[in-house]
Amino acid sequence: MKKKKLKILVSLFALNSITLYLYFSSHPDHFRHKPPKNHFPNTGNRFYSSENHHNFHSSITSQSKPWPILPSYLPWSQNPNVAWRSCEGYFGNGFTRQIDLLQTSPELHRKTIPGAGGGWFRCFFSDTLQSSICEGGVIRMNSERISMSRGGEKLETVIGRGEDEELPVFKYGAFEIEVNDRKKIGKKLTDDEFLKKYLPEGAISRHTMRELIDSIRLVGVDEFHCSEWIEEPSLLITRFEYANLFHTVTDWYSAYTASRVSGLPSRPHLVFVDGHCETQLEETWRALFSSLTYAKNFSGPVCFRHAILSPLGYETALFKGLTEQIDCNGASAHDLWQNPNNRKTARLSEFGEMIRAAFGFPVDRQNIPRTATGPNVLFVRREDYLAHPRHGGKVQSRLSNEQQVFDSIKSWAMNHSECKLNVINGLFAHMSMKEQVRAIQDASVIVGAHGAGLTHIVSAAPKAVILEIISSEYRRPHFALIAQWKGLEYHPIYLEGSHADPPVVIDKLSSILKSLGC
């Protein structure tokens, strides 16, 4: 009997050791205390001289932000056995097919000095999503060969500017990679067959990442001169519906996925390869990643030691799920680690924790804290605001008597005898992104009419309950799907038009609160 118990104890110890090793090996920055070294010596004035290259100036002076520890994190390591159209294929690392376009490995390029022709490029293709995450090294961006507005301006200064002016048009050679193979110099990186197979346009009218890769030209060492070198990994991103929260969340998710699939040891820097103006949503971009700049902000050709091309938000499961059935349900990472299931995922919970952690909020708590006035009921409001240069400042009402419904809930809550309630007026258009995320994570119940603001539920606590009021004109599955994929309890109220009966909403809310013990 003693020998049997001893064997069980040894087995449990071994299993625990393996689990800890796998977790921390996939979170390298949690135990690496030394900052990553630059690939070139630091001369104090950030300039470096080489026989084969002109002096260069590095515009990245601060170290990258480390990845936070996330309770729902699961390893993103390459696994060729990820099943087609499984939940991991849709939401995680289904990018299992590697295609090397330039064979120089990332490991070799890190040891290569300037002028050695160490350029490399490869893509990871997902059969499930029909898209690729591509990355490469020793890449030069020539912004003067990209036709688009400067980007990053204050909205008030560019009112009326057309969208076509903001989207990039790449001339041949807008991007170049250094090679030392004479047979390749002057040629394109890819051909049409590669683009059709691994970067299919699908229903996307303009696939800017495909166009960027199509512009890449291979150049020799003597022609590869840089005014700036970016030594730390950088994500190149083109946004479309950049002022809409739902579409921006798809871009955030795509950027996060690309960073993880690429195995980056810390959070990358961002380069927006578009000419859109500044929006409120940039606050979250800057919180999530190490830094942010616009392509046209660089003066002269800029070279990247390691660049990653983020897929378009339209290619994520968050967007594809609107038109194709993605049969996945949210589950805890702990459960999936012990019992893998192709029909369950913790990836959206992981991503929501990433957003919360980026703003400095705790992510290790499972229960929603109750304030002195009881649980929070957050009512996400739709307000008029100026979103982009072509926007008139008016939002289309999805709930014609929204103010009446909110006032009725607030009045009812004041007289609610079972427990105290704190009704939050979610005027998100007048709140910072950090304040919005705080309101979401602290809410026990999130109520709102169908609208982009509800996309914030990706950051909701695991036990939050969603109550969506849906008019007959906007019966779309966006938030029911996000709730399903996160494992959140979700309740819809379907309207015949756009007018809601306040007693009906209150009755549903009361039922939800009773289930929460209130």
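Bear in mind the structure is a predicted one, so any value in this text is a computation, not a measurement.

Chemist: Describe the overall build of the protein, and please don't skip the residues or the numbers.
Modeler: Of the regular secondary structure elements, the protein holds 15 helices and 23 strands. Looking at the protein as a whole, 54% of its 518 residues qualify as buried. Within the protein, contacts between residues at least 6 apart in sequence are counted, and of these 76% link residues at least 24 apart. As presented, the protein carries roughly 23,400 Å² of accessible surface, and 52% of it is formed by carbon and sulfur atoms.

Chemist: Explain a negative patch on the surface to me, and be specific about the residues and the numbers.
Modeler: Negative charge collects at one region of the surface, where Glu 163, Asp 164, Glu 165 and Glu 241 lie side by side. If you trace the backbone, Glu 241 turns up in the loop between β12 (234-237) and α7 (245-261). Classification of Glu 241 as partly exposed rests on a relative accessible area of 36%.

Chemist: For the nonpolar core, give the residues involved together with the corresponding values.
Modeler: Core analysis: the biggest nonpolar cluster contains 67 residues, and Phe 91, Trp 252, Trp 285, Ile 446 and Ile 457 have the highest contact counts within it. Top contributing element to this core by residue count: α7, with eight residues. Setting aside residues up to four positions removed in sequence, Phe 91 forms contacts with Trp 76, Tyr 253, Ala 317, Ile 326, Cys 328, Thr 345, Arg 347, Leu 348 and Trp 485. Residues Phe 170, Leu 212, Val 271 and Phe 298 belong to the second largest nonpolar core, which totals 39 residues.

Chemist: How would you explain the state of the cysteines if you had to name every residue and give the values?
Modeler: Taken as a whole and judged by the stated rule, the model has four disulfides. The residue that forms a disulfide with Cys 87 is Cys 328, at a sulfur-sulfur distance of 2.2 Å. Its S-S torsion of approximately -115 degrees makes the covalent link between Cys 87 and Cys 328 left-handed. Here Cys 87 is found in helix α2 (residues 87-91), whereas its partner Cys 328 is found in the loop between α9 (317-320) and β17 (329-330), with 241 residues between them in sequence. Both residues of the pair, Cys 87 and Cys 328, belong to the buried class.

Chemist: Could you give an account of the packing of aromatic side chains, naming the residues involved and the relevant values?
Modeler: Tallied over the entire structure, the rule returns 16 aromatic pairs. Between Phe 240 and Tyr 314, the ring centres sit 5.7 Å apart and the planes meet at 50 degrees, which makes this aromatic pair tilted. Remark: Tyr 314 occurs in the loop between β16 (307-309) and α9 and Phe 240 occurs in the loop between β12 and α7; sequence separation between them is 74 residues. Judged by relative accessible area, Phe 240 falls into the buried class, the value being 11%. A cation over a ring is seen here: Arg 239 above Phe 272, with NZ or CZ 3.7 Å from the ring centre. Above the plane of the ring of Trp 76 lies Arg 347, whose end atom (NZ or CZ) is 4.0 Å from the centre.

Chemist: Let's hear about unusual backbone geometry: which residues, and what values?
Modeler: We note that Arg 85 has phi near 60 degrees; this positive angle belongs to a residue other than glycine. Inspection of the secondary structure puts Arg 85 in the loop between β2 (56-57) and α2. Notably, Gln 130 is not glycine yet its phi reads approximately 55 degrees, a positive angle. Among the secondary structure elements, Gln 130 is positioned in the loop between β4 (120-126) and β5 (131-137).

Chemist: Before we move on, can you summarise helix α13 (residues 433-441) with the specific residues and values?
Modeler: Every α-helix winds through 3.6 residues per turn, so residues three or four apart in the chain are directed the same way. Every buried residue belonging to α13 is among Met 433, Gln 436, Val 437, Ala 439, Ile 440 and Gln 441, and all of these are buried. Residues of α13 that are buried in the fold lie against α7, α8 (282-288), α11 (347-358), β19 (376-380) and β21 (443-449).

Chemist: Summarise the side chain of Arg 210; cite the residues concerned and give the values.
Modeler: Within the fold, Arg 210 resides in helix α6 (residues 208-214). Beyond its immediate chain neighbours, meaning those up to four positions away, Arg 210 contacts Leu 195, Lys 196, Leu 199, Pro 200 and Glu 201.

Chemist: Provide a residue-level description of the sheet that holds β19, including the pertinent values.
Modeler: One open sheet holds the five strands; their spatial order is β20-β19-β21-β22-β23, and the pairing between them is parallel. Either end of the sheet is taken by a strand with one partner, and the two such strands are β20 (422-426) and β23 (489-494). Going across the sheet, the axis of each strand differs from the next one's by a mean of 20 degrees, ignoring polarity. Bridge count between strand β22 (residues 465-470) and β23: six bridges; the pairing is parallel. Residue pairing in the sheet places Val 465 in a bridge with Glu 489 of β23. Where helix α12 (residues 402-414) meets the sheet, it contacts β19 and β20, and its direction lies at approximately 160 degrees from that of β20.

Chemist: An account of the side chain of Thr 257 is requested, with residue identities and associated values reported.
Modeler: In this structure, Thr 257 sits in helix α7. Classification of Thr 257 by relative accessible area gives buried; the value is 7%.

Chemist: Go over the sheet that holds β5 with me, naming the residues and quoting the values.
Modeler: As summarised here, the arrangement of the seven strands in space is β3-β4-β5-β16-β12-β13-β14, forming an open sheet in which the pairing is mixed. At either end of the open sheet lies a strand with only one pairing partner, and these are β3 (97-102) and β14 (292-294). Pairwise comparison of adjacent strand axes, ignoring direction, gives a mean angle of 20 degrees for this sheet. Relative to β5, β4 is paired through seven bridges, and the arrangement is antiparallel. The residue bridging Phe 121 from the neighbouring strand is Gly 136, located in β5. Against the sheet, α7 touches β5, β12 and β16, its axis set at about 145 degrees to β12.

Chemist: Can you break down the environment of Val 405 residue by residue, with the values?
Modeler: Positionally, Val 405 belongs in helix α12. Overall, the relative accessible area of 1% leaves Val 405 in the buried class. As a C-alpha pair, Val 405 and Asp 501 span 96 residues in sequence and 7.7 Å in three-dimensional space. Setting aside anything within four residues of it in sequence, one finds Val 405 in contact with Phe 379, Leu 399, Ala 500, Pro 502 and Val 505.

Thresholds, definitions, all that
- Residue numbers run consecutively from 1 along every chain, following the written order of its sequence.
- Residues qualify for local features only when their pLDDT is at least 70, as the model is predicted, and side-chain atom pairs are given and counted only at 80 or more; totals for whole chains, interfaces and linings, by contrast, use all residues.
- Side-chain measures here rest on the full set of heavy atoms in the structure, leaving out hydrogens and waters.
- Here a helix means four or more residues in a row that DSSP labels H or I, a strand means two or more in a row labelled E, and each is numbered from the N terminus.
- Only protein chains enter the accessibility calculation, which uses a 1.4 Å probe; a residue is then buried when its area is under 20% of its type maximum, exposed when over 50%, and partly exposed in between.
- Contacts are residue-level and defined by heavy atoms, with any inter-residue pair within 4.5 Å sufficient.
- Accessible surface area values rest on a Shrake-Rupley calculation with a 1.4 Å probe, where residue burial reflects the displayed protein chains alone.
- Each patch is built from residues that are more than 30% exposed by relative accessible area and take part in no salt bridge. Like charges join if they lie within 9 Å; nonpolar side chains (Val, Leu, Ile, Met, Phe, Trp, Tyr) join within 5 Å.
- By definition here, a salt bridge exists when the distance from a side-chain nitrogen of Lys or Arg to a carboxyl oxygen of Asp or Glu is within 4 Å.
- Residues counted as positive are Lys and Arg, residues counted as negative are Asp and Glu, and His and the chain ends are not counted.
- We put the charge of a Lys on NZ, of an Arg on CZ, of an Asp on CG and of a Glu on CD.
- Side-chain atoms within 4.5 Å are what join buried Ala, Val, Leu, Ile, Met, Phe, Trp, Tyr and Cys residues into a set we call a nonpolar core.
- To count as a disulfide, a pair of cysteine sulfur atoms needs to be within 2.5 Å.
- Note on ring pairs: Phe, Tyr and Trp rings are taken, using the six-membered ring of Trp, and paired if centres are within 6.5 Å. Classes follow the plane angle, with under 30 degrees stacked, over 60 edge-to-face and the rest tilted.
- By definition, being over a ring means that NZ of Lys or CZ of Arg is both within 6 Å of the ring centre and within 35 degrees of the ring normal.
- The rule for pairing is simple: two strands pair if DSSP sees at least two bridges between them.
- In this description, a line fitted to the C-alpha atoms serves as the axis of each element, helices being fitted only across the stretch in contact, and the angle between N-to-C directions of two axes falls anywhere from 0 to 180 degrees.

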